[in-house]
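Letter by letter, the chains look like this.
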Amino acid sequence: MSDDWNKATRAVHGGARRSQYGEVSEAIFLTQGFVYDSAEAAEARFIQAGDDEFIYARYGNPTVRIFEERMALLEGAEDGFATASGMAAVNGVLSAMLKAGDHVVSARALFGSCLYVLEDVLSRFGVEVTFVDGTDLDQWQAALRPDTRAVFFETVSNPTLEVIDIAAVSELAHTVGAVVVVDNVFSTPVFSDAIAQGADVVVYSATKHIDGQGRTLGGVILGTREFIRKTVEPYMKHTGGSMSPFTAWVMLKGLETLSLRVNAQADNATALTETLQGHPALARVIYPGHASHGQFDLCQRQMGRGGTVLSIDLSGGKPAAFAFLNGLKIGKISNNLGDAKTIVTHPATTTHQRLSEDQRADLGITDGLVRISCGIEDTDDLVGDVMQALEGA
Ligand SMILES: *Cc1c(COP(=O)(O)O)cnc(C)c1O
């Protein structure tokens, strides 16, 4: 590994560990445990395991370790801990670092399960959470207190694609000594520079772009070596949220093509946004990588590109949105995102169905809103499919 490698190179070669056979493709060490040469060797490893020494797969595994190191290199973090899912990462990092009496400030626009962890789980254990509009720096400033231990947000937010200013929020949070945790799924590791911009901890659902082909659930927590090894690892290794070696291997295969896929997906999102400008069936087209987005400059500064997802708001409300979804031939109706296949979602009736009408209105989730996670299909085919489905809507 060379320090001056760019992301695309790191994603292919970072963290490589080869066995005595010199395999090209990373080996799957599908083993729960490890054999020691002697009783003394076992004792020594339990006192202090070396870099290439493992004890039990819940604690660590060679294939999982390659994934963790590759992700840390990609994100510019010192270290990482891989988890069974994105939610195991979110719940894990917060549970590992918080205790009763702590205060957390979080952006309100959150993935449903993240909202559950912050609103329902943490409060049961005596952690107080204040929710703010993540795009409003005055609200962050007002909510932060001397006992604020962590701030949490997703950028770009789902599904209304608002960009939260990592550098500005981190600067505010650090004035009270809070740890900045960013759920960075929508930025993807390819466009993220969150640690350099001030975030302390970055979490990913690897289920999304990192696998990117709809196969496995996974996640990762990235941060300083001290934080990962002293705070995250003890909690994760004893509570069971670790990533399986097979999953790590699938994710490593995903990382090899991540940069190609994510850039192709962003190309499709850009082309689609361009074509849809001024379309008579649409009240809004939202893509942070397009000049029509209110935070275009921030997005350029923070991510360089607008990511792989756009949202459209059909003026005809739910009937028009459903007709559009049902009329697509290439785009698949599902609730995942970041996949090589284009996936369309109607948040109001699926991912955000549990929210009240008022809560949805607060978040800008109208009945006509459709989220489009662009895949890697041919651009003309994809644009053609969306245009013909809009005709019918
Ligand atoms: C999907 C997602 C998660 C949860 O990830 P899983 O792998 O499904 O557990 C968390 N945060 C965001 C922003 C997501 O998109």
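Residues numbered from 1 in each chain as written. Predicted model: local features only at pLDDT ≥ 70, side-chain atom pairs only at ≥ 80, totals over all residues. Heavy atoms only, no water.

(A) A look at the site of the ligand. The environment of the ligand is formed by S85, G86, M87, F111, C114, E154, D183, V185, S205, T207, K208 and G218. In this structure, an oxygen atom belonging to the ligand sits 2.8 Å away from a main-chain N or O atom of G86. Across the complex, the protein chains shield 92% of the 380 Å² of accessible surface that the ligand would expose by itself. (Near = heavy atom within 4 Å. Polar contact = N/O pair within 3.5 Å; in protein donor to acceptor, adjacent residues only side chain to side chain. Areas by Shrake-Rupley, 256 points an atom, 1.4 Å probe, with all protein chains shown as cover.)

(B) Seen up close, the side chain of H290. Along the chain, the position of H290 falls in the loop between β8 (282-286) and α12 (296-303). With residues near it in sequence (within four places) discarded, H290 still touches T273, E274, Q277 and F296. (Helix = DSSP H or I, 4+ residues; strand = E, 2+ residues; numbered from the N terminus. Contact = heavy atoms within 4.5 Å.)

(C) Region of the structure containing the sheet that holds strand β6 (residues 201-205). Pairing is mixed across the open sheet formed by seven strands, whose spatial order is β1-β7-β6-β5-β4-β2-β3. Where the open sheet ends on each side, the last strands, each with one partner, are β1 (79-83) and β3 (128-132). Averaged over neighbouring strand pairs, the angle between their axes works out to 20° when direction is ignored. As defined by bridge partners, strand β2 (residues 103-107) adjoins strand β4 (residues 148-154) across four bridges and the pair is classed as parallel. Across the sheet, residue S106 finds its bridge partner in β4, namely F152. Strand contacts of helix α3 (residues 62-75): β1, β6 and β7 (219-223), with the helix running at about 130° to β1, the strand carrying the most contacts. Sitting on the sheet, helix α10 (residues 225-239) is in contact with β1, β6 and β7, with an inclination near 20° to β1. (Pairing = 2+ DSSP bridges. Axes fitted to C-alpha atoms, helices over the stretch in contact; angles between N-to-C directions.)

(D) How the structure looks around the environment of I365. Within the secondary structure, I365 sits in the loop between α14 (357-363) and β12 (369-373). Considered as a pair, I365 and G289 are 76 residues apart in the sequence and their alpha carbons are 20 Å apart. If we skip the residues at most four places from it in the chain, I365 touches P159, T160, P347, A348, H352 and R360.

(E) Highlighting the pattern of salt bridges. The tally for this structure, following the rule as stated, stands at 21 salt bridges. Note that R229 is salt-bridged to E233, the shortest N-O span being 2.5 Å. Note that R229 and E233 are positioned in helix α10 at a spacing of four residues, about one turn of the helix. The partly exposed category is assigned to R229, whose relative accessible area is 24%. For E233, a relative accessible area of 16% translates into the label buried. In this structure, the salt-bridge partner of K237 is E233, at a minimum N-O distance of 3.4 Å. One end of the pair is K237 and the other is E233, both in helix α10 and four residues apart, which spans about a single turn. (Salt bridge = Lys/Arg side-chain N within 4 Å of Asp/Glu carboxyl O. Buried < 20%, exposed > 50% of the residue type's maximum accessible area, 1.4 Å probe, protein only.)

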